[in-house]
Amino acid sequence: MVFIVIVIICFLLQMIAPWWVIIVVAFATCGIIGKTAKIAFWQSFFAIFLLWIGYALFKSLPNDNVLAGRVAVMTGIKIWWALLLVTGILSGLVAGISGFCGYHFRMAMLAKKTDEKLA
Amino acid sequence: MNKIKALFCVIIPITLAFLFNTKIGQNPPLLKFLNPFMGFWQNAENNHFIFNHKAKIKGAIDKIEIVFDDRMIPHIFAQNDHDLYLAQGYVTAMHRLWQMDFQTRFAAGRISEVVGEKAIEVDRYQRRMGMVYGAEHSLKGMMADPKAKEMILAYTEGINAYIKTLSHSNYPLEYKLLDFKPENWTPIKCALLLKQMSAVLAMGSDEFYMTNILKKFGPEVTKDLFPDYPFKEDPIIPVGSKWDFTPLTTPKTPQSFTDATTGDVKTKEKIEGIGSNNWALSGSKTASGYPILANDPHLDLTLPSIWYQIQLHAPGVNTYGVSLPGAPGVIIGFNQKIAWGVTNVAADVLDFYQIKFKDSSHNEYWYNNKWNKTTRRLENIKIRGSKDEIDTVYYTHHGPVVYFQKPKYGRADNVPVGDALRWIAHDRSNELMTFYYLNRGSNYNDYRKALTFYTAPAQNFVFASIDNDIAITPNGKFPLKWKEQGKFILDGTDPAYDWQGWIPAAQNPTVKNPPRGFVSSANQSSTDPTYPYYINWEFAPYERGKRINDRLGAMSKATMDSIRLMQTDNYSILAQNVLPAVVPLLNPESLNATQKEALSYINKWSKRYDADEIAASVFEIWTKRLAFNIWNDEFVVKGIPMRYPSRDRTVEMILKEPNAKWYDNINTKQKETLPDLVNEAFKYSCDSLERRFGPINKDWRWSNVKQTNVPHLAKIPGFGSKILQIGGAKSTINAISETNGPSWRMVIELGKTPKGHGVYPGGQSGNPGSKFYDNMVDTWASGKLYDLFYMQTPDDKSGKIISRLKISK
């Protein structure tokens with residue numbers, strides 16, 4: 001569920017919003033519907049990993065990966081698909097961590113509320 | 001506890017967002033850059049589908065149609081001049097926005113604004129040399145002319161109309177990489193770009209070095225080693241041409257001679273790089289009976305290309321050629337009736353004046369027997385990530401006092417400290433009109449008229465027309481000087497040292513339809529010594545010019561192919577002159593096996609710098625080392641920056657003065673002779689090649705030693721070309737060195753319909769993610785030319801069209 005929600009919302013929002021909406025979306029989604037910490041991390045990770053890789057390929061394949069090849073040389077990674085993986089992993093990690101934080105944020109807030117109630 | 005946990009859960013994502021959205025050191029903001037929705041992936045252009053477009057621009061007066069051919073070259077069809085230049089601005093920005101922006105920022109000394117503190121010396125240098133000051137004057141000149149004003153304003157409007165269509169996702173790649181934004185174009189940027197061309201072509205100055213040489217060796221030696229006319233020459237205006245005007249009287253040479261203080265920088269061998277070839281053959285020497293014109297300007301090669309091909313069609317004009325991204329009009333090209341091209345003239349239009357200040361406040365300086373006030377110009381340099389710097393530059397009536405302290409910056413090596421700069425590029429000018437009239441010209445008189453508008457950088461304008469007129473004019477605004485004025489640093493206190501007027505434009509050297517049936521130039525001396533005015537004491541070496549004239553002289557029934565092959569001629573006149581003198585001096589008994597083998601290559605050598613010639617590699621390093629052996633001991637003195645005598649003078653000495661005292665190395669006890677130096681240099685050459693590549697094998701080939709490539713304008717790795725295995729050398733017609741060479745090769749066959757052929761080592765697009773970024777490099781490297789598609793109407797079917805752009809109000 002988290003996976004689908006993040007993919008769809010991020011895909012739509014990223015058309016107009018800067019890249020860091022993935023952080024906001026992953027955080028909020030997991031903060032609202034994240035069931036476990038594991039799910040929050042991995043589903044956020046894969047959602048953005050696949051979304052970014054997919055969209056990058058959508059731009060890069062018709063270009064015969066010419067640009068990706070040049071940028072790969074520039075960065076020292078050398079191979080275009082390695083650059084693609086870096087793009088996916090890095091963004092996935094950031095999303096995953098944000099999702100994880102979102103989940104724990106809710107947990108912390110719930111715990112706090114319970115604490116207050118108990119008190 | 002939970003509060004802290006919640007806080008961490010918020011802080012971590014925010015930190016991540018910040019971290020990957022910030023430029024850190026050289027690195028772009030990482031995820032902002034990698035984001036496929038807005039980052040660099042967006043710049044990957046579709047190689048397979050190219051669409052037609054429509055655009056609305058408020059300022060357009062009428063409908064404009066732009067047709068792109070299969071090399072993405074735009075052919076603009078407009079109904080009036082305004083729309084023509086508006087569209088030129090629009091399409092140039094579409095393909096080259098970052099380049100235009102970056103080049104003009106560089107010219108204006110605004111690089112620190114983008115890259116931070118590390119560019120501060122670059123910016124200071126640009127400002128202190130008066131680039132902005134000059135551009136402001138130049139802009140006044142352009143805006144005073146209604147036609148030029150219309151051109152510039154329409155061009156600016158077109159660029160800005162394009163910028164307005166952009167959002168972050170489609171900014172050119174380099175903006176994303178360097179993390180900055182395009183800014184609106186302004187007319188001053190056109191002026192800055194033209195000033196930058198002056199800086200590239202006419203900022204050379206040896207007077208600091210020459211003054212040191214004069215001080216160290218005295219006038220006798222200086223005169224002997226640095227003569228005012230070369231030993232071997234084949235001037236642009238053929239020897240014996242008559243000057244059909246009454247010259248103005250030139251100012252008298254002042255009695256006194258100056259000397260100057262010196263700093264501490266190293267002597268450098270004069271680097272030969274920026275040069276060019278052009279020539280025109282009259283119909284009497286061509287197969288078609290109509291003239292053929294050729295031009296190949298040699299500049300530092302970059303991607304995106306220096307030039308941008310374009311066809312401009314509107315009532316009264318239909319011209320095709322190359323433009324400079326940032327300036328309206330076609331600079332080198334042709335139309336239905338005429339063709340023209342340019343090469344650089346090494347005119348001395350930059351002089352330094354030694355200034356006597358009253359005190360260290362620099363508020364007053366001594367001139368004409370009284371104290372005069374300096375003016376101050378404050379240069380505000382913005383620095384990314386740091387406070388602005390305000391740099392104060394003092395101006396005398398000569399111009400800016402460039403430095404009071406020697407900066408640690410290579411380009412400033414030849415700038416003497418405490419001296420004022422007088423430079424033609426500071427003057428008011430309006431070069432655009434020259435190109436405006438050439439673009440529309442139809443005959444010799446139009447050409448002559450167009451040239452009168454031109455100030456700097458001085459160029460040899462070659463010309464051919466369908467009426468079978470050919471001509472060449474070393475043209476620019478030349479100061480009226482006494483002989484050798486500006487060879488050395490000038491006395492800034494004495495009005496006799498000032499520039500005292502100008503050579504009348506009509507008296508600039510020129511030749512029309514010479515009996516030999518062709519005109520040519522390759523940056524050599526403009527004229528023989530009979531020309532009544534002083535332009536400079538030294539020009540580029542004569543070898544390319546000589547070879548061109550030899551070949552054109554022998555040519556008859558020339559076709560486009562014979563001219564094309566000539567542009568890629570690798571034959572070395574230098575080798576022809578020097579080899580017969582130095583090979584006999586070699587002592588074969590003292591050579592080892594590799595050196596003997598290298599000698600046999602030299603003996604069999606065709607004297608061509610072809611890609612696979614091993615002898616060319618040996619010869620190149622050998623002669624460089626020989627010059628070093630001869631001059632380095634005397635001309636490299638710590639604390640006194642000087643330069644070597646010219647190659648021409650060195651060759652003369654080798655051929656005619658076997659016992660010159662300069663051969664002796666003054667740092668050794670024994671007395672060296674020319675044969676000693678020749679042998680040492682030869683061994684040095686072979687040994688250094690052997691160290692690099694092992695015993696003689698195909699890695700010794702010239703192309704491998706030379707390593708020609710076309711780097712990115714900002715030297716971004718991966719964005720340049722591969723290493724090109726091609727021949728050519730500085731002293732050959734095909735003057736390709738490592739990253740310098742023919743930046744545009746063009747051959748125009750005039751006739752009922754003109755036929756153009758051309759190529760540059762790059763592509764139309766400035767986007768490294770486009771297949772049109774470097775698609776012409778291989779054709780250029782192989783020495784072939786494309787047929788240029790000179791369209792008569794937007795629906796002309798003679799060439800392949802891949803897309804159309806319609807602009808309306």
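The numbering scheme is per chain: residues are counted from 1 as the chain's sequence reads. Working convention: letters from A go to chains and numbers from 1 go to ligands, in the order in which they are written. Totals for whole chains, interfaces and linings use every residue, but because this is a predicted model, local features are given only for residues with pLDDT of at least 70 and side-chain atom pairs only at 80 or more, for both listing and counting.

Before going further, it helps to spend a moment on the overall build of chain B. Looking only at helices and strands, chain B has 21 helices and 25 strands in total. A radius of gyration in this sense is built from C-alpha atoms; the matching globule rule multiplies 2.2 Å by the number of residues raised to 0.38. Taken over the C-alpha trace, chain B has a radius of gyration of 28 Å; the compact-globule value for 809 residues is 28 Å, and the two agree within 12%. Its C-alpha atoms give chain B principal-axis dimensions of roughly 85 × 75 × 65 Å. In chain B, buried positions account for 54% of the 809 residues. Counted over contacts in chain B with a minimum sequence separation of 6, partners at least 24 positions apart contribute 73%. What counts as a helix is a DSSP run of H or I of at least four residues, what counts as a strand is a run of E of at least two, and both are numbered from the N terminus. Exposure criterion: with C-beta atoms placed from backbone coordinates, a residue whose C-beta has 20 or more other C-beta atoms within 10 Å is buried, one with 12 or fewer is exposed, and one in between is partly exposed. By the criterion used throughout, residues are in contact when their C-beta atoms, derived from the backbone, lie within 7 Å.

Glancing now at the sheet that holds strand β3 (residues 74–77) of chain B. Residues and elements named next belong to chain B. Here the rule is simple: two strands pair whenever DSSP picks up at least two bridges between them. Strands sit in the order β1-β25-β2-β3-β6-β7-β8-β9-β16-β17-β19 across an open sheet of eleven strands; the sheet is mixed. Single-partner strands in this sheet number two, and they are β1 (53–56) and β19 (511–512). Contacts from helix α3 (residues 81–107) reach β2 (64–69), β3, β6 (308–314) and β25 (801–808) within the one sheet, and its direction differs from that of β6 by about 160 degrees. Each axis is a line fitted through C-alpha atoms, taken for helices only over the stretch in contact, and angles between the N-to-C directions span 0 to 180 degrees. Strands β6, β7 (317–323), β8 (332–335) and β9 (338–344) of the sheet are contacted by helix α11 (residues 432–440), whose axis makes an angle of about 130 degrees with β7.

Attention shifts here to the confidence of the model for chain A. Of all residues in chain A, 97% attain a pLDDT of 70 or more, and the chain-wide mean is 93. The spread of mean pLDDT over the elements of chain A runs between helix α5 (residues 80–118) of chain A, the lowest at 90, and helix α3 (residues 37–60) of chain A, the highest at 96. pLDDT expresses, on a scale from 0 to 100, how confident the predictor is about each individual residue.

Taken residue by residue, the interface counts 36 residues in chain A and 36 residues in chain B. Those elements that place two or more of their residues in the side of chain A that touches chain B are α2 (21–33), α3, α4 (66–75) and α5 of chain A. At 14 residues, the largest contribution of residues to the side of chain A that touches chain B is made by α5(A).

This paragraph deals with helix α13 (residues 543–554) of chain B. All names here are of chain B. What a helix should span is 1.5 Å times the count of its residues minus one. Between its first and last C-alpha atoms α13 spans 17 Å; for twelve residues at 1.5 Å apiece the expected length is 16 Å, and the two agree. Within α13, nine of the twelve residues are buried, which leaves it mostly tucked inside the rest of the structure. On its buried face, α13 sits against β4 (275–281), β20 (518–521), α14 (560–567) and α15 (573–582).

The subject of this paragraph is the sheet that holds strand β15 (residues 419–423) of chain B. Each strand in a sheet pairs with its neighbour through backbone hydrogen bonds, running either in the same direction (parallel) or in the opposite one (antiparallel). All names here are of chain B. Strand order in the open sheet formed by three strands is β15-β10-β18, and the pairing between neighbours is mixed. The open sheet terminates on both sides in strands that have one partner only, identified here as β15 and β18 (490–491). Direction of pairing for strand β10 (residues 350–354) relative to β18: parallel, over a ladder of two bridges. Counted as the bridge partner of Q354 is D491 from β18.

Here we take up unusual backbone geometry. Residue and element names in this part refer to chain B. Across the junction of L303 and P304, the peptide omega takes the value -10 degrees, indicating a cis bond. Residue placement: P304 occurs in the loop between β5 (292–300) and β6. For the peptide bond that leads from A456 to P457, omega is -5 degrees, which places it in the cis range. Structurally, P457 can be placed in the loop between α12 (444–451) and β16 (459–465). At K715, a residue that is not glycine, the phi angle is positive and equals roughly 55 degrees.

Turning to the packing of α15(B) against helix α18 (residues 647–656) of chain B, a few remarks are in order. All names here are of chain B. The geometry of α15 relative to α18 is characterised by a closest axis approach of 10 Å and an angle of 35 degrees between their N-to-C directions. The crossing of α15 and α18 is left-handed. Contact residues: N577, V578, A581 and V582 in α15; V651, I654 and L655 in α18. Its residues assigned to classes, the contact of α15 with α18 shows six nonpolar, one polar and no charged. In a left-handed crossing the near helix is turned counterclockwise from the far helix by less than a right angle, and in a right-handed crossing that turn is clockwise. In this classification, the charged set is Asp, Glu, Lys and Arg, the nonpolar set is Ala, Val, Leu, Ile, Met, Phe, Trp, Tyr, Cys and Pro, and all remaining amino acids, among them Gly, are polar.

Attention now goes to the packing of α3(B) against helix α9 (residues 187–202) of chain B. The geometry of a pair of packed helices is captured by two quantities: the angle between their axes and the separation between those axes. Residues and elements named next belong to chain B. At a minimum axis separation of 9 Å, α3 and α9 run at an interaxial angle of 70 degrees. Classified by the interaxial angle, the pair formed by α3 and α9 is roughly perpendicular. The residues of α9 that touch α3, namely those facing Q103, T104 and A107, are K189, L192, L193, K195 and Q196. Here the residues of the contact of α3 with α9 are counted per class, giving three nonpolar, three polar and two charged. Orientation is classified from the angle alone, with under 35 degrees giving roughly parallel, over 145 giving roughly antiparallel, 65 to 115 giving roughly perpendicular, and any other angle giving oblique.

The subject of this paragraph is α14(B). Residue and element names in this part refer to chain B. The complete set of buried residues in α14 reads M560, I563, M566 and Q567. Summarising the axial view, the buried residues of α14 lie within an arc of 125 degrees, below the 170-degree limit, and thus occupy one face. Turned more than 90 degrees from where α14 packs its buried face, D561 and L565 sit exposed. Tucked into the core, α14 has its buried residues touching β5, α13, β22 (745–749) and β23 (755–759). The reported arc concerns the directions from the helix axis to the C-beta atoms and nothing else.

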